[in-house]
Amino acid sequence: MAYIYLLVAIVAEVTATFCLTLSNGFTRLVPSCVTVAGYAVAFYSLSLALRTIPTGMAYAIWSGIGTVLIALVCRVVLGQKLDLAAIAGMTLIICGVLVMNLLSAGRHG
């Protein structure tokens, strides 16, 4: 169940971050409200995940996957460009999260 909470936290954080871009400095009501609600859900869900998953592991997964997802969402929806260095960096992030989860003695599941 902890990894489901972590997944909810990731999706909520990516949604909130995307809407933060759309909020135009909190001058647009709907994206601003989604941003605030999304971050609240993200942190609450992360706190539930931390009951079981070690903090370092959870944060690595949350920030790593979140970084890759927000970059991909902005690429698809907003047309932001990803150069070769960005793609290589995201590949390394994914590899790092996989190594931590598959090979670390601190893994939980």
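Before going into details, it helps to say that this report is about the structure given with it. (Residues numbered from 1 in each chain as written. Predicted model: local features only at pLDDT ≥ 70, side-chain atom pairs only at ≥ 80, totals over all residues. Heavy atoms only, no water.)

Considerations on the nonpolar core
Right, on to step 1. Judged by nonpolar contacts, the single largest core of 16 residues is most densely connected at Leu6, Ile10, Leu46, Ile53, Ile61, Trp62 and Ile70.
Right, on to step 2. Taken together, the elements giving at least two residues each to this core come down to α1 (2-22), α2 (29-49) and α3 (55-78).
Right, on to step 3. Setting aside residues no more than four positions away along its own chain, Ile53 makes contact with Ala2, Tyr3, Leu6 and Ala58. (Core = buried A, V, L, I, M, F, W, Y, C linked by side-chain atoms within 4.5 Å. Buried < 20%, exposed > 50% of the residue type's maximum accessible area, 1.4 Å probe, protein only. Helix = DSSP H or I, 4+ residues; strand = E, 2+ residues; numbered from the N terminus. Contact = heavy atoms within 4.5 Å.)

Section: the environment of Ala42
Right, on to step 1. On the secondary structure map, Ala42 appears in helix α2.
Right, on to step 2. You can call Ala42 buried: its relative accessible area is 0%.
Right, on to step 3. Setting aside residues up to four positions removed in sequence, Ala42 forms contacts with Ala9, Ala12 and Glu13.

Section: α1
Right, on to step 1. Between its terminal C-alpha atoms α1 stretches 30 Å, which fits the 30 Å expected from 21 residues at 1.5 Å a residue.
Right, on to step 2. Buried residues along α1 sit in contact with α2 and α3.
Right, on to step 3. Looking one or two places after α1, you find Asn24, whose phi comes out positive at around 55°. (Expected span 1.5 Å × (residues − 1).)

Points about the packing of aromatic side chains
Right, on to step 1. Going through the model one piece at a time under the given rule, you end up with two aromatic pairs.
Right, on to step 2. Centre to centre, the rings of Phe43 and Trp62 are 5.6 Å apart; their planes meet at 75°, and the pair counts as edge-to-face. Of this pair, Phe43 sits in helix α2 while Trp62 sits in helix α3, placing them 19 residues apart in sequence.
Right, on to step 3. Members of the aromatic cluster, each reached through a chain of ring pairs, are Phe43, Tyr59 and Trp62. (Phe/Tyr/Trp six-rings, centres within 6.5 Å; stacked < 30°, edge-to-face > 60°.)

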